[in-house]
Amino acid sequence: MLGLVAGGSQAATTVDGYAAVDPFIGTAGSGHTFPGATLPFGMVQVSPDTDTPNFKHAYAWAAGYQYGDPTIKGFSQTHFSGAGHSDLGDVLLMPMAGPVRTEPGQADQPGSGYRSRFSHRSEQAHPGYYAVTLDDNHVRVELTATRRVAVQRYTFAAGQAGHVVLDLRSSIYDYPGKTLWSWIHIRPDGVITGFRETRGWAPGRQLYFALRFSHPVTGHQLLDTEPTPLYGGFAPPAAHDPSARPAIQGRDLEAVFDFGDLQGKPLVAEVAISDVDEAGAIANLQAETPDFDFDKVHQQARQIWQQQLQPFQIQAPAAMQRSLYTALYHAFIAPNLAMDVDGRYRGPDNQVHQARGFNFYSTFSLWDTYRAEHPLLTLLQPPQLTADIIHSMIASQQSSPYGILPVWSYAGLENWCMIGYHALPVIADAYMKGIRGFPLDQALQAMQASAEDPAYGDLKDYMKMGYVPIDHEPEAASKTVEYAYDDWTLAQMATAMGRSELAKQFIARAGNWRNVFDPASGFFRAKLSDGRFRTPFDPAAAGYGSDYTEGNAWQYSWYVPQDIAALIADQGGNTRFVQKLDQLFDAKVPPGAFANVEDISGLIGFYAHGNEPSHHVAYLYDYAGQPWRTQERLSQIVDSQYGIKPDGLVGNDDLGQMSAWLLFTAFGFYPVTPASNQYVIGRPFVERADLHLPNGKTFTISASPMDAAHPYVGQVTLNGRPLERLWLSHQELEAGGELHFRMQAHPNRQWATAPAARPYAMSADKYQP
């Protein structure tokens, strides 16, 4: 047990949210978070890279940093927070004192390269700040950031010459030939600019940078380490002296900058990035860091994070406080700004565009984040952020050569990872909650275009046959049920906008999940194009290219968030549905059963909290009239899946989704069905939470007694009146007030068990937001 619930007998306290954040949570194991400095939704994420191994072994280093590593390779400017895939790690800088070393060297061979040993005792990490001492390199390193500029401060050992290595070869998820082309240019004013194009997760990604130092460079080397370098216009073959070159082009470039003995004076390096061009990087640098005042930038970053971490105050034991404020910090790292100060950005067509009237965001891991991360942003962030995110999605769709909304995009480019068209629930959920500030008709048109593109994920067959056939498309069962939910969200928005014919069309499609439901087994199964279920069938089997996406039949057969009531009926009723849920959680899974699928982790039976298809499942007992069972399962999940150590996340944080799940659950409710405007009630894990909403209202969640001995809900009141249903509307929450839970030691088998008390289901249609 990781212990958040077990610690519930400790006295509840209120603490400063900023001080409670621990950026090291999730940096060990498969959490894939980074400890470095960034701003909320910022464009740069400057952080240490302990390693960037080749692509065969890169999964654990998806964020560049693993807490158990003994050395730091350098400090790069871009990182994903909790992604299930590796990329970025752009513009690696590494300071050193004494002799110059131009290769990273081996972690088990001290002094073999520029990488350096370090101790966790010398590390400090707070939102917007990171520091460490490089033991071998004799340098104290500090990192902070603005939105588009990473600021690094190096304090070298006295009496030794200081150097900084710039390595454009280094990448996270590295492999030979990843860098297609790059250059480094030392300008007459001393600013160093450069470029790198990679064929990584998003093919053809271009990254430009502008770098300057607070002290004059006394010497430099520009090096091409490719065995047979291809020289470009900046560095003709005759320019063999690396200290004479003002510029160089090639595929394997690095540079060394010398500063002599700085006599204890710190050296500040400012690195601005741009997805557009060098001029954009220079403009970003000049606009956001006009001087070399590290302390001022750090203080600004601290103030911004302090403000961002104030949308709630909570009373809870110290461990829960730390976990929840860290979760809020992680939830506010992405999506990321992907636009220069002049409004230019790069779109999915790899062309430069101009944003007009909105900020352009990217880094959309939508298969993960539509579930709870985006609903959390609509709840706690000003509506303009979500409006800008949706406007960015629409702009991407309009410039996409494929004409659909983002699936998994970063730096404006599409990588097509995962399945579904889950920009639709993000847009529909925001619209249903009253968020505006984006072009509504264009949004609906983009949603329809994404749901009707025959070339995407075999939508051609889906639209014709009502399901995706497995002999035409892999992971067909998952795709069918996820498409059906996305279709329902489009229907919700079309209905609210008065587009009744469009709504009717997609309500019909929202029932397509039934076409892959096997009543004999009670599982969703992939069908062949002739209408037969594929055989043989093993509900425990999982693997890439199978019937399911990152899961098996046990994990995917609960995915009808738009109509759980119908799923319960098809499963044989409430009793059989609950029995099957219990079989999921209580299954005896052989060790290593999912060794071939890295993302399936955090197992409780076949329930896999480390992966998103399971995230709504514990709440489904509510729909079968047994809310006390939801309460039991939530206690089991929170206690075993979250902790306050570096390995405190059992799976990828997935750009805030794992963190958002914990936040909602700790408050006592969860958005099982985004776009329904309902939050399904579970049980709280805090004594009190005051949610300060963007509209100026405060919504308070309170619980008493709140400890491990009282895990069940006895009664719920909303603004002092008994609440005899298992859901809370978004409108009720936005109005402010208090949701109070009276907790008790034993289950209350009478509270909110009637069919009328259950959350939204399309077939029941008893609630229209």
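Just so it is clear, the structure is predicted and the values come from calculations on it, not from any experiment.

> Which residues make up the overall build of the protein, and what are the values?
Within the protein, the regular secondary structure consists of 19 helices and 38 strands. Taking 27 Å as the expected radius of gyration for a compact globule of 769 residues, we find that the protein reaches 26 Å, a close match to that expectation. Along the longest, intermediate and shortest principal axes, the C-alpha atoms of the protein span 80 × 60 × 50 Å. Counting only residues that meet the buried cut, the protein has 66% of its 769 residues in that class. Taking the intrachain contacts of the protein between residues at least 6 apart in sequence as the baseline, contacts between residues at least 24 apart amount to 70%. Entry remark: accessible area of the protein is about 24,800 Å², with carbon and sulfur atoms responsible for 51%. Distance between charge centroids for the protein: 4 Å, based on 55 positive and 78 negative side chains.

> Now, about empty space enclosed by the protein: what can you tell me, with residues and values included?
Scanning all chains against the criterion turns up eight cavities of 30 Å³ or more. In this structure, the largest cavity spans a volume of roughly 160 Å³. For the largest cavity, the lining is made up of 16 residues, of which Met43, Thr78, Leu88, Thr363 and Ala411 are closest to its centre. Counting residues per element, the ones that place at least two in the lining of the largest cavity are strand 14 (203–213) and strand 20 (336–337). Of the residues assigned to the lining of the largest cavity, the class counts are nine nonpolar, five polar and two charged.

> Lay out the pairing of strand 8 (residues 129–134) with the relevant residues and their values.
Along any regular strand the residues' side chains alternate between the sheet's two faces. With respect to burial, strand 8 is a largely interior element, five of its six residues being buried. In this sheet, strand 8 lies alongside strand 7 (residues 124–126) in antiparallel orientation, the contact comprising three bridges. If you follow Ala125 over to strand 8, its bridge partner there is Tyr130. If you look at the hairpin formed by strand 7 and strand 8, you'll find two residues sitting between the two strands, and Gly128 has a positive phi there, around 85 degrees. Pairing geometry for strand 8 and strand 9 (residues 139–145), over five bridges, is antiparallel. Across the sheet, Leu134 pairs through a bridge with Val139, a residue of strand 9. If you look at the hairpin formed by strand 8 and strand 9, you'll find four residues sitting between the two strands, and His138 has a positive phi there, around 60 degrees.

> Could you give me a rundown of helix 17 (residues 627–641), with the residues and numbers involved?
In this model, helix 17 (15 residues) spans 21 Å end to end at C-alpha, consistent with the 21 Å of a helix rising 1.5 Å per residue. With 13 of 15 residues buried, helix 17 lies mostly within the body of the structure.

> Describe the sheet that holds strand 7, naming the residues involved and giving the relevant values.
The nine strands lie next to each other as 7-8-9-10-18-14-13-12-16, forming an open sheet whose pairing is antiparallel. Edge positions in the sheet fall to strand 7 and strand 16 (247–250), since each has one partner strand and no second. Neighbour-to-neighbour, the strand axes of this sheet turn through a mean angle of 15 degrees, independent of strand direction. As paired elements, strand 12 (residues 179–186) and strand 13 (residues 192–199) share seven bridges and run antiparallel to each other. Paired with His185 across the two strands is Thr193, which belongs to strand 13. Contacts from helix 2 (residues 278–288) reach strand 10 (149–156), strand 12, strand 13, strand 14 and strand 18 (267–274) within the one sheet, and its direction differs from that of strand 18 by about 130 degrees. Across the sheet, helix 3 (residues 294–308) lies against strand 8, strand 9, strand 10 and strand 18, angled at about 50 degrees from strand 9, the strand it touches most.

> Report on the side chain of Glu475, specifying residues and quantitative values.
Along the polypeptide, Glu475 turns up in the loop between helix 10 (459–465) and helix 11 (476–496). This buried residue, Glu475, is left without a salt bridge; Lys479 holds the nearest opposite charge, at 4.8 Å. Look past the residues within four positions of Glu475 in its chain and what remains in contact with it is Ile419, Ile470, Gly545, Ser546, Asp547, Tyr548 and Thr549.

> Before we move on, could you go through the nonpolar core and cite the residues and values that matter?
If you look at the biggest cluster of nonpolar residues, it comprises 237 residues, and the most contacted ones within it are Leu166, Leu211, Phe669, Leu691 and Phe699. Examining the composition of this core, we find that 11 residues originate from one element, helix 11, more than from any other. Not counting residues up to four positions away in its chain, the partners in contact with Phe699 are Phe669, Ala689, Asp690, Leu691, Leu693, Leu718, Leu728, Glu732, Leu733, Gly736, Gly737 and Leu739. Core analysis: the next-biggest nonpolar cluster, separate from the first, contains 13 residues, Ala131, Val191, Ala210 and Ala281 among them.

> Tell me what's going on with helix 18 (residues 657–667), and back it up with residues and numbers.
Burial analysis of helix 18 places 11 of its 11 residues in the buried class, the great majority of the element. Of the positions making up helix 18, those classed as buried are Gln657, Met658, Ser659, Ala660, Trp661, Leu662, Leu663, Phe664, Thr665, Ala666 and Phe667. Looking at the residues trailing helix 18, positive phi occurs at Gly668, about 110 degrees.

> Which residues make up the pairing of strand 17 (residues 253–260), and what values do they have?
For strand 17, a buried count of seven out of eight residues is recorded, marking the element as mostly surrounded by other parts of the structure. Where strand 11 (residues 162–167) and strand 17 come together, six bridges link them in antiparallel fashion. Considered in strand 17, the bridge of Val165 is made with Val256. As judged from the six bridges shared by strand 15 (residues 219–224) and strand 17, these two strands associate in the antiparallel manner. Across the sheet, residue Gln221 finds its bridge partner in strand 17, namely Val256.

> Which residues make up the packing of helix 7 (residues 383–399) against helix 9 (residues 440–451), and what values go with them?
Where helix 7 meets helix 9, the axes come as close as 10 Å, and the angle between the chain directions of the two elements is 55 degrees. When the axis of helix 7 is compared with that of helix 9, the two are oblique. Between helix 7 and helix 9 the crossing geometry is left-handed. Listed contacts from helix 9 to Ile394, Gln397 and Gln398 of helix 7 are Gln442, Ala443, Ala446 and Ala449. Across the contact of helix 7 with helix 9, the residue classes break down as four nonpolar, three polar and no charged.

> Outline the sheet that holds strand 19 (residues 312–315), listing residues and values.
Strand order across the open sheet formed by six strands is 19-33-34-38-35-36, with mixed pairing between neighbours. Of all strands in the sheet, those with a lone pairing partner are strand 19 and strand 36 (721–722), marking the two edges. The pairing of strand 33 (residues 688–692) with strand 34 (residues 698–704) spans five bridges and is antiparallel. Across the sheet, residue Arg688 finds its bridge partner in strand 34, namely Ser702.

> Could you give an account of the pattern of salt bridges, with specific residues and numbers?
A complete count under the given rule lists 31 salt bridges for this structure. A salt bridge links Glu288 to Arg148, with the shortest nitrogen-to-oxygen separation between them at 2.7 Å. With Glu288 in helix 2 and Arg148 in the loop between strand 9 and strand 10, the pair connects residues that are 140 residues apart, well separated along the chain. Note on accessibility: Glu288 and Arg148 belong to one class, buried. A salt bridge links Asp291 to Lys296, with the nearest nitrogen and oxygen atoms 3.3 Å apart. Three or more residues joined by partner-sharing salt bridges are found here, namely Asp87, Asp90, Lys178, Arg196 and Arg205.

> Any chance you could break down the packing of aromatic side chains for me, citing the residues and the numbers?
Within this structure, the stated rule accounts for 46 aromatic pairs. Relative to Tyr410, the ring of Trp408 lies with its centre 6.1 Å away and its plane at 90 degrees, an arrangement referred to as edge-to-face. According to the relative accessible area criterion, Trp408 is buried, its value standing at 3%. Taking the relative accessible area as the measure of exposure, Tyr410 reaches 1% and is therefore buried. Aromatic rings pair up to connect Phe312, Tyr325, Tyr619, Tyr642, Trp661, Phe664, Phe667, Phe669, Tyr670 and Tyr679 into one cluster. It is Arg371 that lies over the ring of Trp367; its NZ or CZ is 5.0 Å from the centre. Just above the ring of Trp727 sits the side chain of Arg725; from NZ or CZ to the centre is 4.1 Å.

The rules behind these values
Numbering of residues begins from 1 in every chain and follows the order in which that chain's sequence is written. Reporting of local features is limited, given that this is a predicted model, to residues whose pLDDT is at least 70; pairs of side-chain atoms are given and counted only at 80 or more, and all residues count toward the totals for whole chains, interfaces and linings. Each side-chain value is worked out from all heavy atoms of the structure, with water and hydrogens disregarded. Going along the chain from the N terminus, every DSSP run of H or I of four or more residues is numbered as a helix, and every run of E of two or more is numbered as a strand. Two things to know: the radius of gyration comes from C-alpha atoms, and the globule rule equals 2.2 Å times the number of residues to the power 0.38. For every residue, the accessible area obtained with a 1.4 Å probe (protein chains only) is divided by the maximum for its type, and the residue is called buried under 20%, exposed over 50%, and partly exposed between those limits. Two residues qualify as a contact provided that any one of their heavy atoms is within 4.5 Å of a heavy atom in the partner residue. Accessible surface area values rest on a Shrake-Rupley calculation with a 1.4 Å probe, where residue burial reflects the displayed protein chains alone. Asp and Glu are treated as the negative residues and Lys and Arg as the positive ones, with His and the ends of the chain left uncounted. Charge positions come from single atoms, namely NZ of Lys, CZ of Arg, CG of Asp or CD of Glu. Space inside and on the surface of the protein is sampled on a 1 Å grid over the protein atoms alone, with a cavity defined as a set of points where a 1.4 Å probe fits but cannot get out and a pocket as an open set with protein on both sides within 12 Å along at least 5 of 7 lines; lining residues have an atom within 4 Å of a point. Grid points are joined across faces, edges and corners, and a volume is the space filled by probe spheres set on the points. Three classes are used: nonpolar for Ala, Val, Leu, Ile, Met, Phe, Trp, Tyr, Cys and Pro, charged for Asp, Glu, Lys and Arg, and polar for all others, with Gly counted as polar. Pairing between strands requires that DSSP locate at least two bridges from one strand to the other. Helix span is expected to be 1.5 Å times the residue number reduced by one. Fitted lines through C-alpha atoms give the axes, limited to the stretch in contact for helices. The angle between two N-to-C directions lies from 0 to 180 degrees. The rule for a salt bridge is simple: a side-chain nitrogen of Lys or Arg has to be within 4 Å of a carboxyl oxygen of Asp or Glu. Among buried residues, those of type Ala, Val, Leu, Ile, Met, Phe, Trp, Tyr and Cys that are joined through side-chain atoms within 4.5 Å constitute a nonpolar core. Any angle from 65 to 115 degrees is called roughly perpendicular, while one under 35 is roughly parallel, one over 145 is roughly antiparallel, and all others are oblique. Each crossing gets its handedness from the near helix: less than a right angle anticlockwise from the far helix is left-handed, clockwise is right-handed. In this analysis, rings of Phe, Tyr and Trp, with Trp reduced to its six-membered ring, are considered paired at centre separations within 6.5 Å, and the interplanar angle assigns stacked below 30 degrees, edge-to-face beyond 60, and tilted for intermediate values. The criterion is that NZ of a Lys, or CZ of an Arg, lies within 6 Å of the ring centre and within 35 degrees of the ring normal, and then a charge sits over that ring.

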